[in-house]
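Here is how the chains run, residue by residue.
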Amino acid sequence: MSGEPGSADAATRDPVFAVHRASSYSLDDRDRIQKRTIAVLIASQAAGGFGLVATYIVSALLAQDITGSPTLGTIAASCLSIGSAAVAVPMSRLMNRHGRRNGLRFGYLVGAGGATAAVLGAVLLNYPLLCLGVLGAGAGNAANLATRYAASDLAPEHRRASTISMIVLATTFGSAAGSAVSGFASEIGVSLGLPDKTGSYVFAGIMFLVAAAIVEMFLRPDPMHVAEDLSYSERLNSNAGAAQQAPSTREAISLIWQKPEARLAVLAMVVGQLTMVGVMTLTPLHMDAGGQTQSVIGLMMAFHIFGMYLFSPVVGHLTDRIGSYPMLYIAGGLCAWGAWWAAVTPPEGVLGVFMGNFLAGLGWCFGVIAGSNLMVALYPLHQRVAVQGVGDFAMLGAGAAAGLSSGALYSIFRYSGVNYANAAVGLALILATFLTYTGARRARRRPEHQQRAAVAAS
């Protein structure tokens, strides 16, 4: 950290946004540093995406092999989302105090440790240890998600959604590679004397370490420090006073609750994650029941990943051009359509489960990019990291709940019944978007004195 002007000692003693010092960067520096930051985050995101997907594909199947229970298999797979949610808020607090690099490095290293523990759990046929390892691996997913906000720290306002989408796109390469080599990695693991499917965890641990190394070595200067530095300089020039303290987690929750648009942004990310996880968690078991091979399941996962990430530049560009609300309508529609198509497809079917997972992934892409863009736009710099952490916790927590409940729901309602419920969740996002948008339009039409009173009351 010593290589960053003015950041080493101050960032260690105080929250980043409370540091009072002369500006060390110019606006010209911002553009140069932003280009470097994007390149570094793309590389780390690709490596982390490989690790995440390589782990996810085999978690439910390996747990089912150990326990003989599909329900326990889905619980093991959902531990990825639980681990991600558990790490999201502590990681955002670490970023608040020490910058983006330290938080991302922490997430990736915990992910690597979790992958190692999962290998031991598989070797020992120890289901609790396997779940503990998958929990740790979920931290890598939390780090991957946080990179989209790190990329937005220095992004121009009119390019913010497009910048976020570039980072989301980078996950395509690592995730698609992880899906494609899942079977190959398992074969390598078997050749090394490891249980079947365990090789994917070995690959995941290595790639999380690669992502941590990329962030540690190359994410310098830290984009959050640069953004704070420039913001402080602007406040001095405008006589706006010293920078304000970052809010606590409780204060961040209150900040989100006070703004209907922020509640919608979080809901969009929650619905996207809930539907995506709800469809994806059960699909490998559904296909396995139809006699389909791990290679075909891996190919399905690749289609799902393409939906989540491949079209993100288009989604980001459209969000910058037409705004977040139209994109959230589309997000809800795609989630509902994908879940319905998967629901009506039998276990032996290919087209329905492939396209259903693709559309659910695409709906997630629309919801996360538009929701993240809306969230960033609503808050000043000193509040963003805290509200971003709370938003990601809600999103990942919803995914964890979907994963945990899916096994029990599968036993009762089967694959089709669970996905009909997922489709209904997508439709709920459409309704929430309509209500929030119409409410915001009515608020803008109020007399100015009423608007001021409403702002003061909030």
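Residues numbered from 1 in each chain as written. Predicted model: local features only at pLDDT ≥ 70, side-chain atom pairs only at ≥ 80, totals over all residues. Heavy atoms only, no water.

Chemist: Just to check I follow, could you spell out the nonpolar core for this structure?
Modeler: A general trend in soluble globular proteins is that nonpolar side chains are found buried together. Residues Leu 104, Tyr 201, Ile 256, Trp 364 and Met 375 are the most contacted members of the largest nonpolar core, which totals 112 residues. If sequence neighbours within four positions are ignored, Tyr 201 has contacts with Thr 55, Val 58, Ser 59, Leu 62, Ala 115, Ala 118, Val 119, Leu 130 and Val 134. Of all hydrophobic cores here, the second largest spans 7 residues; its members include Ile 33, Val 226, Ala 227 and Leu 230. (Core = buried A, V, L, I, M, F, W, Y, C linked by side-chain atoms within 4.5 Å. Buried < 20%, exposed > 50% of the residue type's maximum accessible area, 1.4 Å probe, protein only. Contact = heavy atoms within 4.5 Å.)

Chemist: Would you mind showing me how to read the environment of Ser 59 here?
Modeler: Its place among the elements puts Ser 59 in helix H2 (residues 27-67). Since its relative accessible area comes to 0%, Ser 59 is described here as buried. Residues Ser 59 and Ser 78, spaced 19 residues apart in sequence, show a C-alpha to C-alpha distance of 8.8 Å. Not counting residues up to four positions away in its chain, the partners in contact with Ser 59 are Gly 73, Ala 76, Ala 77, Leu 80, Val 134 and Tyr 201. A distance of 3.1 Å separates polar atoms of two side chains, one belonging to Ser 59 and the other to Tyr 201. (Helix = DSSP H or I, 4+ residues; strand = E, 2+ residues; numbered from the N terminus. Polar contact = N/O pair within 3.5 Å; in protein donor to acceptor, adjacent residues only side chain to side chain.)

Chemist: For this particular structure, what's the right way to read the pattern of salt bridges?
Modeler: Pairing is possible between side chains of opposite charge, provided their charged atoms come close. Scanning the entire structure with this criterion turns up 8 salt bridges. Here Asp 29 and Arg 32 are joined by a salt bridge, their closest N and O atoms 3.3 Å apart. Residue Asp 29 and its partner Arg 32 are both found in helix H2; the two are separated by 3 residues, about one turn of the helix. If you follow the salt bridges from partner to partner, you end up with Arg 101, Arg 105, Glu 216 and Arg 220 in one network. (Salt bridge = Lys/Arg side-chain N within 4 Å of Asp/Glu carboxyl O.)

Chemist: Can you walk me through the side chain of Gln 273 in this structure?
Modeler: Considering the arrangement of structural elements, one finds Gln 273 in helix H11 (residues 260-289). Once residues within four sequence positions are removed from consideration, Gln 273 is found in contact with Ser 81, Gly 278, Trp 364, Met 395, Leu 396 and Gly 399.

Chemist: Would you mind going over the packing of H11 against helix H15 (residues 351-378) with me for this structure?
Modeler: Each pair of packed helices can be described by the angle between their axes along with the distance between the axes. Contact pair H11 / H15: the axes reach a minimum separation of 8 Å and the direction vectors enclose 160°. As summarised for this structure, H11 and H15 are arranged roughly antiparallel, according to the angle between their axes. Crossing angle aside, the handedness with which H11 passes H15 is left-handed. (Axes fitted to C-alpha atoms, helices over the stretch in contact; angles between N-to-C directions. Parallel < 35°, antiparallel > 145°, perpendicular 65-115°, else oblique. Left-handed = near helix turned anticlockwise from the far one by under 90°.)

Chemist: I tried to follow the side chain of Asn 357 on my own but got confused; where do I start?
Modeler: Within the secondary structure, Asn 357 is located in helix H15. Among the residues examined, Asn 357 registers a relative accessible area of 0% and is labelled buried. Other than its neighbours up to four places away in sequence, Asn 357 contacts Val 279, Met 280, Thr 283, Met 300, His 304 and Tyr 415.

Chemist: I'm lost on the packing of aromatic side chains in this one. Help?
Modeler: Any aromatic ring pair is given by two values, namely how distant the centres are and how the planes are angled relative to each other. This structure, assessed with the given rule, holds 5 aromatic pairs. On the basis of an interplanar angle of 85° and a centroid distance of 6.1 Å, the ring pair of Phe 311 and Phe 358 is categorised as edge-to-face. Taken as a pair, Phe 311 in the loop between helix H12 (294-310) and helix H13 (312-322) and Phe 358 in helix H15 lie far apart in primary sequence, 47 residues in all. Judged by relative accessible area, Phe 311 falls into the partly exposed class, the value being 38%. (Phe/Tyr/Trp six-rings, centres within 6.5 Å; stacked < 30°, edge-to-face > 60°.)

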